[in-house]
Amino acid sequence: MSIWWSLQLRREAASVPLARRLLLGAMDTAGVDGDISHELSVALSEACANAVQHGGGLSEVYRVTASIHGDMCRIEVTDCGPGFPQGAGAVPALAPPAAARPAGEFAELLPGGRGLLLIEALADRVRFGNQPGSGGAVVTFDKILKWREDAALLRAS
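Residues numbered from 1 in each chain as written. Predicted model: local features only at pLDDT ≥ 70, side-chain atom pairs only at ≥ 80, totals over all residues. Heavy atoms only, no water.

Per an unreviewed UniProt entry, the protein goes by ATP-binding protein and derives from Streptomyces mimosae.

**Considerations on the nonpolar core**
Where we set the bar: Residues belong to a common nonpolar core when they are buried Ala, Val, Leu, Ile, Met, Phe, Trp, Tyr or Cys residues joined through side-chain atoms within 4.5 Å. For every residue, the accessible area obtained with a 1.4 Å probe (protein chains only) is divided by the maximum for its type, and the residue is called buried under 20%, exposed over 50%, and partly exposed between those limits. Segments assigned H or I by DSSP are reported as helices when at least four residues long, segments assigned E as strands when at least two residues long, and all are numbered from the N terminus. It only takes one pair of heavy atoms within 4.5 Å for two residues to be counted as in contact.
Counting 36 residues, the largest nonpolar core has L40, L44, Y62, I75, V77 and F141 as its most contacted members. Broken down by secondary-structure element, the contributors of at least two residues to this core are β1 (2-10), α1 (15-30), α2 (34-54), β2 (61-69), β3 (72-78), α3 (115-122), β4 (125-130) and β5 (137-144). The leading source of residues in this core is α2, at eight residues. Those residues within four positions of V77 in sequence are excluded, and the remaining contacts are L44, A47, C48, A51, Y62, R63, V64, A137, V138 and V139.

**A short note on the sheet that holds β1**
Paired through backbone hydrogen bonds, the strands of a sheet run either parallel or antiparallel to each other. Definition in use: The rule for pairing is simple: two strands pair if DSSP sees at least two bridges between them. Whenever a helix is involved, its axis is fitted only over the stretch in contact; in every case the axis is a line through C-alpha atoms, and angles between N-to-C directions fall within 0 to 180 degrees.
With antiparallel pairing, five strands are arranged side by side in an open sheet as β1-β2-β3-β5-β4. The open sheet is flanked by β1 and β4, the only strands paired with a single partner. Strand-to-strand twist in this sheet, taken as the mean axis angle between neighbours without regard to direction, amounts to 10°. Across nine bridges, β1 lies against β2 in antiparallel orientation. Residue W4 lies in a different strand from β2, and its bridge partner there is S67. Along the sheet face, α2 touches β2, β3 and β5 and points at about 180° away from the line of β5.

Okay, structure coming up:
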C-alpha cells in the first residue's frame, strides 16, 4: 500500500487539530493499529504546534506531508521561521536517541514545552533540520506501522 498527502496550513491554532484528524482518518482507512495511529497523531500535533508557535518569518503558512509506503509512515512538518539554532548545542540533522543526550537538551530551544522530546519518544526515527538557503525548520519522523486484524481485507481491496 502506498498513500501520500500534503497540506499547506495557516499558522493558526485551529490548523493543528485539522492536521491531526486528517492523519487519523487516513490511518483508520488504511487499517493502521489504533495505538500506532494515536502515537503518530500526538507527534504530528506537537510538530504542528511548534510550526504555529515558532514558524514565523514572512510566511503565514506551514506544510505537512505524510506518506505510507509498505509498513512505514513518514511525516514531515516544514515552516518558514528562523529554523533551529546553528552551532554548538543545535539540534543535529539526525538526532541521537533521547537517552544518549542529556535530559532537557531541547528545553532551551523551546522554553514552553517538551514537544521535540515527545516526538522522539513516539517515533522510531526523527530528524530535525533547517531548509537549505531560506531557513525554516524541518521536522521529519518515521514510524513502523502495525495493522489492525481487519487490515488485510482493507489492504487487499
